[in-house]
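Structure at a glance
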Amino acid sequence: NAGVMQNPRHLVRRRGQEARLRCSPMKGHSHVYWYRQLPEEGLKFMVYLQKENIIDESGMPKERFSAEFPKEGPSILRIQQVVRGDSAAYFCASSRSGENIQYFGAGTRLSVL
Amino acid sequence: KQEVTQIPAALSVPEGENLVLNCSFTDSAIYNLQWFRQDPGKGLTSLLLIQSSQREQTSGRLNASLDKSSGRSTLYIAASQPGDSATYLCAQYGNKLVFGAGTILRVKS
């Protein structure tokens, strides 16, 4: 059973470009969570999604950031018009319905030039 | 507001020492508490998960305890080795998973 898969592992974007981060949850998991780790800081919750629904987006910046988890395919975290301050590691986790344990992917490291 | 605090922020010890990392949390409505290890530039490795009904969990040289009444968890590492050098994160499950800022551990050979 493959773990949580994130791609790409590393992503380089220039200021103003769009970044798309993908997360495939573990098999049988229908809940996905995104976290951001800024340099020298801890992980901060961004958004919690179930299939086709955003459950909690209280940690998402108000502008430029969006997330989706479609019926088919991976969850996508999209950052429009990236700025240098978006440079961070973005981690995805998934859980099974009814279980309160999250399993983490290896992360995507976004560098904005 | 759910907050998790880890003390100390950094720790440097000689090889072979036993050590304790501390984690405190403000929300007593805890479900589970989990300890992770993170190596520089890497992802998270789950070390121990303590369910809310449990008081401790052990894995090899690691032992984690949970005291809900005092809002504390400790991670005990026995006979530390240079390979234990990493950042150790504790995280509390509540309405969402909240992480502490971590303890940076360096074990000197």
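Every residue gets a number counted from 1 within its own chain, in the order that chain's sequence is written. Each chain is given a letter, starting from A, and each ligand a number, starting from 1, according to the order in which they appear as written. Only residues with pLDDT of at least 70 get local features here, since the model is predicted, and only at 80 or more are side-chain atom pairs given and counted; chain-wide, interface and lining totals rely on the full set of residues. Only hydrogens and water are set aside; all other atoms, that is, all heavy atoms of the structure, feed into the side-chain values.

For the rest of this paragraph, the subject is the sheet that holds strand β7 (residues 62–67) of chain B. All names here are of chain B. Read from one edge of the open sheet, five strands run β1-β3-β8-β7-β6, paired in antiparallel fashion. Only two strands of the sheet have a single neighbouring strand rather than two, namely β1 (4–7) and β6 (56–59). Here the average twist between neighbouring strands, direction ignored, is 15°. Paired strands, in this sense, are two strands between which DSSP finds at least two bridges. Segments assigned H or I by DSSP are reported as helices when at least four residues long, segments assigned E as strands when at least two residues long, and all are numbered from the N terminus. Interaxial angle, 0 to 180 degrees, is taken between N-to-C directions of lines fitted to C-alpha atoms, where a helix line uses only the stretch in contact.

Further remarks concern the sheet that holds strand β3 (residues 19–24) of chain A. Residues and elements named next belong to chain A. The four strands are arranged β1-β3-β8-β7 in an open sheet whose pairing can be described as antiparallel. Among the strands making up the open sheet, the edge pair consists of β1 (5–7) and β7 (65–68). Strand after strand, the sheet turns through a mean of 15° between neighbouring axes, direction not considered. In this structure, β3 lies alongside strand β8 (residues 75–79), joined through five bridges in antiparallel fashion. Note on β8: the bridge partner recorded for R22 is I76.

This paragraph deals with the interface of chain A and chain B. Residue contacts follow a heavy-atom distance rule, with two residues in contact if any of their heavy atoms lie within 4.5 Å. Between chain A and chain B, the contact holds 14 residues from the first and 19 residues from the second. Any Lys or Arg side-chain nitrogen found within 4 Å of a carboxyl oxygen on Asp or Glu counts as a salt bridge. On the surface where chain A and chain B come into contact, there are one salt bridge. One salt bridge connects K96 of chain B with D56 of chain A, and the closest N-O pair in it is separated by 3.4 Å. Polar contacts, as counted here, are pairs of nitrogen or oxygen atoms within 3.5 Å of one another; within protein the pair requires one atom able to donate a hydrogen and one able to accept it, and residues that are adjacent in sequence qualify only if both atoms are side-chain atoms. Along the contact surface separating chain A from chain B lie six residue pairs in polar contact (both at pLDDT 80 or more). Split by residue class, the side of chain A that touches chain B holds seven nonpolar, five polar and two charged. For this classification, the nonpolar set comprises Ala, Val, Leu, Ile, Met, Phe, Trp, Tyr, Cys and Pro, the charged set comprises Asp, Glu, Lys and Arg, and every other residue, Gly included, is treated as polar.

Here we come to unusual backbone geometry. Cis rather than trans, the peptide bond between N7 of chain A and P8 of chain A has omega equal to 0°. Looking at where P8 of chain A falls in the secondary structure, it is placed in the loop between β1 and β2 (10–13). With omega at -5°, the peptide bond leading from I7 of chain B into P8 of chain B counts as cis. Relative to the helices and strands, P8 of chain B resides in the loop between β1 and β2 (10–14).

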